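Notes for the structure review
In case you want the letters, here they are:
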Amino acid sequence: MLGFADERMGRPMRLVYPSRKQRQKLEAWLGLCCEVYNAALDERKSAYRMAGVSLSYEHQCAELPACKQVCPALNEVPSQVLQDVVKRVDRAFDDFFRRVEQGHKPGYPRFKSRFRYDSLTFKQYGNSFNILPASKKNKATLVLAKLGHVKMVMHRAIKGTPKTAIVKRTPTGKWFVSISVEMEGEDIISKRLPVSEEAVGIDVGLKTFAYLSWGKRLPIRAFLRAEEAALARAGRKLSKAPQGSKQRAKKRKVVARVHERIGNRRKNFIEQEVRHLVKQFGLLAVEALVVRNMVKNPKLAKSIADASWSMFFTRLQAKAEEAGRQVVRVNPAYTSQTCSACGHRQQMPLSVRIYECSQCGLVIHRDHNGSLNILSDGLQAVGRHSRVIPEAPGL
Ligand SMILES: [Zn+2]
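Overview of the structure. Model, not experiment: these values are computed from the prediction. (Residues numbered from 1 in each chain as written. Predicted model: local features only at pLDDT ≥ 70, side-chain atom pairs only at ≥ 80, totals over all residues. Heavy atoms only, no water.)

A word on the side chain of Lys 45. Inspection of the secondary structure puts Lys 45 in helix α1 (residues 20-51). In contact with Lys 45, not counting residues within four places along its chain, are Tyr 108, Pro 109 and Phe 111. (Helix = DSSP H or I, 4+ residues; strand = E, 2+ residues; numbered from the N terminus. Contact = heavy atoms within 4.5 Å.)

With respect to the helices and strands, Pro 219 occurs in strand β11 (residues 217-219). Its relative accessible area of 45% is what places Pro 219 among the partly exposed residues. Each C-alpha atom of the pair Pro 219 and Thr 208 lies 4.7 Å from the other, and the pair is 11 residues apart in sequence. Those residues in contact with Pro 219 that lie beyond four places of it in its chain are Phe 209 and Phe 269. (Buried < 20%, exposed > 50% of the residue type's maximum accessible area, 1.4 Å probe, protein only.)

Okay, the coordination of the zinc ion next. Coordination of the zinc ion by the protein comes from Cys 339 (SG), Cys 342 (SG), Cys 357 (SG) and Cys 360 (SG), over a distance range of 2.2 to 2.3 Å. What the 4 donor atoms of the zinc ion show is an angle range of 108 to 114° at the metal, which sorts the shape as tetrahedral. When the donors of the zinc ion are listed by position in the chain, the intervening gaps give C-x2-C-x14-C-x2-C. You can see Cys 339 sitting in the loop between β13 (326-330) and β14 (354-356) and its partner Cys 360 sitting in the loop between β14 and β15 (363-365), a full 21 residues away along the chain. Among the residues examined, Cys 339 registers a relative accessible area of 0% and is labelled buried. (Donors = N, O, S within 2.8 Å, 3.2 Å for Na, K, Ca; no water. Tetrahedral: all angles 85-135°; square planar, octahedral: opposite > 155°, others 65-115°.)

With 2 bridges joining them, strand β2 (residues 14-17) and strand β6 (residues 148-152) adopt antiparallel strand pairing. Looking at β6, one finds that Tyr 17 is bridged to Lys 151. Pairing analysis gives 4 bridges linking strand β5 (residues 141-144) to β6, with the strands arranged antiparallel. In the sheet register, Leu 142 faces β6, and the bridge partner there is Val 150. (Pairing = 2+ DSSP bridges.)

Right, here's the structure in full:
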């Protein structure tokens, strides 16, 4: 069994530190690749416009040697990196035609500016790139064809066999590499979970972190509340310290540390909840966008909650993909106003915590009602029945 996992999915990319000379080289390569991209795009457009011909990837690749004769600087760039540029043009056209077929109105593939063209793909592990794990003497190293050894930050060991490495420049001038790996047998099986027919709707809120459609609440952990208070206290002390004083610098550090601590604890909390959810449920329905009107809440609480939710959704998606689970995002409109039993809609101001249906008489917690609607929309979206409230498993 083979499968691919891309580090870009929910995983941080690895920072790399090219030397100044290497950076100059990478920048030059990006510039050349950008030119090749635009030239290949232009050639395709003209061929189609003038002769009605669609040029293929193979055709354009075969032209690369001739391009190198005209522009010798291209010889500096690893050939596989150049071939990938042509592949990107090919993919852009494929996407375009696929979307046309689906009845969308996609934009025609566009030329790229030097600033927007910011990544290079190195294919074939062991050929155009290599990875040397850290040893006692040396740090982990990324070896790139025609560039040499680049220092790399390696927090986790790479699992599986590396396939391609994408080296990317950020707008702030940092460099990252993301390595996609091929996983075999055990590596995949260890992450794939037994099939689950169970489905759940998840409604996130401020008072409770999330409400699950079978009636369970995930409370916002008390520590997050405590940290909120600590942050407010540190912030007050900071604002009292005189501008430009040593004291102020110290207080600023305290604030930064509290932020870091909140971040770490939140991450642990979310990882743990996501692990449980993905383990139990085969289908997880969530809202596509969480836009809530949190009138009475101070900004601080809101920002903490917002950050937690977006992290929660990102991790849920990533973990679910790894485990072969399905995440369905549903339209968040009316999830709290609609009665989960009869479909009646009524106004639900935020202060009203209990949903009392004026049509069928259902009385249910507001967020519980929301999570049931999210579940039923999710089931409908994947073609499974809806408007049936599943019984709570093992309650
Ligand atoms: Zn009702």
